[in-house]
Amino acid sequence: MDFNLSREHEMLRDMVKEFANNELAPRALELDNKGEFFWEQVKRSGQLGLIGVINSKEYGGTAMGHLARMILIEEISRVYPPMGFFHQTGNLLMYAIETFGNDQQKKKYLPALCKGDKVSAFALTEASGGSDPANMQTEATLKGNDYVINGRKCWITAVDPADVVGFVAKTGDKFSAFIVEKGTPGFEVTRREETIGLRSLPVNEFALTNCRLPKGNLIGEEGRGLVCALTTIATIGRTGAAGVALGIARGCYEIALKFAKERVLYGKPIAALQAIQFMLADMNVEIEAAKWLCYSTAWQLDQGKTSRDLAVDIARCKLYAVDVANRCAYKAVDIMGAYGLSPEYRVIGLLRDALELGVAAGSQEVMKITIGATITR
Ligand SMILES: Cc1cc2nc3c(=O)[nH]c(=O)nc-3n(C[C@H](O)[C@H](O)[C@H](O)COP(=O)(O)OP(=O)(O)OC[C@H]3O[C@@H](n4cnc5c(N)ncnc54)[C@H](O)[C@@H]3O)c2cc1C
């Protein structure tokens, strides 16, 4: 296997780096402290064409693909992971509609979502266990031309700001995926979860109480909802989480390296101490390894491989990149002494963000189950 970053990919990276350094980095701490959703930055990201990279041009996307998405999520997350994570979860419903939805749904929802004029969320998880989605309790019953839906979803990113939410419910002994719009009677955001990281991106619980949705709100065929959700979460959620992790790891490394060169102890920068060099060397090697896993997986998706073909590759890149992000964040905090614990120096915030990624889009154990089950087959 061989891949190169194209000139378009390099240009995209330069453009996103400029956006991240000039427009996100100076506000990252303030936005994190406020814990409010970053509407202005989403709008800007839409103007730059960054939200619709996996969507076709016909529906307002840029069709740049999965490697482009990986690069932009990485560059944004280097300085501001909540925004990178928005590009993870915000793309879930956009992918589900583009891949499984009908033409009417694509025309109705995708252009505004690509532009950042509207925001979406995608919900599978329930209190009955995110790793065991087949045990969900939310039910949709067909009555006349409408589905009547009752249930509750939890730990769902950005439902509060979302104009449109995709979700999966039981339809008989199978599962189906639906679209619900903000303001639909019976749909209510009931809670914001307390989170330690990614704080400006709300994670919500919502309830559906006798919520009536027309058949036209079904994404794809009835009974295919779990296929839609699991394909979407693997292709977009896991790769996106890996991209955020890669960005966090790089951010931590860059901050810690700069600090180590500037911090003088015993008359010399601490970068001259071998114990510090060993930590930086570990970070450097692991980031390069994670980058290879992430880029090659995204590139293979661009070559037409599916999330089923790449189940192990996708699980590997999410598992490894998230572990690397956590290890790099922890080492950066360590290298920087007391400064590492000061929010102003950013690495403690990046560690909190990295911790959230262990569970999001499937836990690290679930990634190992996917890999383990395949390699022992
Ligand atoms: C920041 C954040 C954002 C999120 N955003 C979304 C979203 O937008 N949409 C959405 O649908 N969900 C979202 N989630 C939920 C996430 O997908 C779930 O938290 C995740 O799937 C795990 O489910 P759970 O928390 O119920 O843990 P559980 O499934 O209860 O797992 C508990 C523990 O058991 C382990 N475990 C489970 N099964 C096995 C097994 N077979 N063998 C060994 N160990 C096992 C798990 O690894 C974990 O350690 C988000 C979560 C977070 C933290």
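Each remark here, short or long, concerns the structure printed above.
Each value, and the rule that gives it
- Residues numbered from 1 in each chain as written.
- Predicted model: local features only at pLDDT ≥ 70, side-chain atom pairs only at ≥ 80, totals over all residues.
- Heavy atoms only, no water.
- 1 Å grid on protein atoms, 1.4 Å probe; cavity = no way out; pocket = protein on both sides within 12 Å on 5 of 7 lines; lining within 4 Å.
- Points joined across faces, edges and corners; volume = space filled by probe spheres on them.
- Helix = DSSP H or I, 4+ residues; strand = E, 2+ residues; numbered from the N terminus.
- Nonpolar A, V, L, I, M, F, W, Y, C, P; charged D, E, K, R; others polar.
- Phe/Tyr/Trp six-rings, centres within 6.5 Å; stacked < 30°, edge-to-face > 60°.
- Buried < 20%, exposed > 50% of the residue type's maximum accessible area, 1.4 Å probe, protein only.

### Comments concerning the layout of surface pockets
Move 1: Of the volumes computed, that of the largest pocket is approximately 1,300 Å³.
Move 2: Considering each element in turn, the lining of the largest pocket owes the most residues, eight residues, to helix α7 (residues 225-262).
Move 3: For the lining of the largest pocket, the residue count by class is 26 nonpolar, 17 polar and five charged.

### A look at the packing of aromatic side chains
Move 1: A complete count under the given rule lists eleven aromatic pairs for this structure.
Move 2: Seen in terms of ring centroids, Phe-38 and Tyr-80 are 5.7 Å apart; in terms of plane orientation they differ by 70 degrees. Their pairing is edge-to-face. With a gap of 42 residues between them, Phe-38 in the loop between α2 (28-34) and α3 (39-47) and Tyr-80 in the loop between α4 (66-79) and α5 (81-100) connect regions that are remote in the sequence. Judged on exposure class, the residue Phe-38 and its partner Tyr-80 are both buried.
Move 3: Residues Tyr-147 and Phe-178 carry aromatic rings whose centres are separated by 4.9 Å and whose planes lie at 70 degrees to one another, so their mutual orientation is edge-to-face. Of this pair, Tyr-147 sits in strand β3 (residues 146-157) while Phe-178 is found in strand β5 (residues 174-181), placing the two residues 31 residues apart along the sequence.
Move 4: What links up through ring pairs into an aromatic cluster is the set Phe-37, Phe-38, Trp-39, Tyr-80 and Phe-86.

Keep in mind that these numbers describe shape and distance, not what the molecule does.
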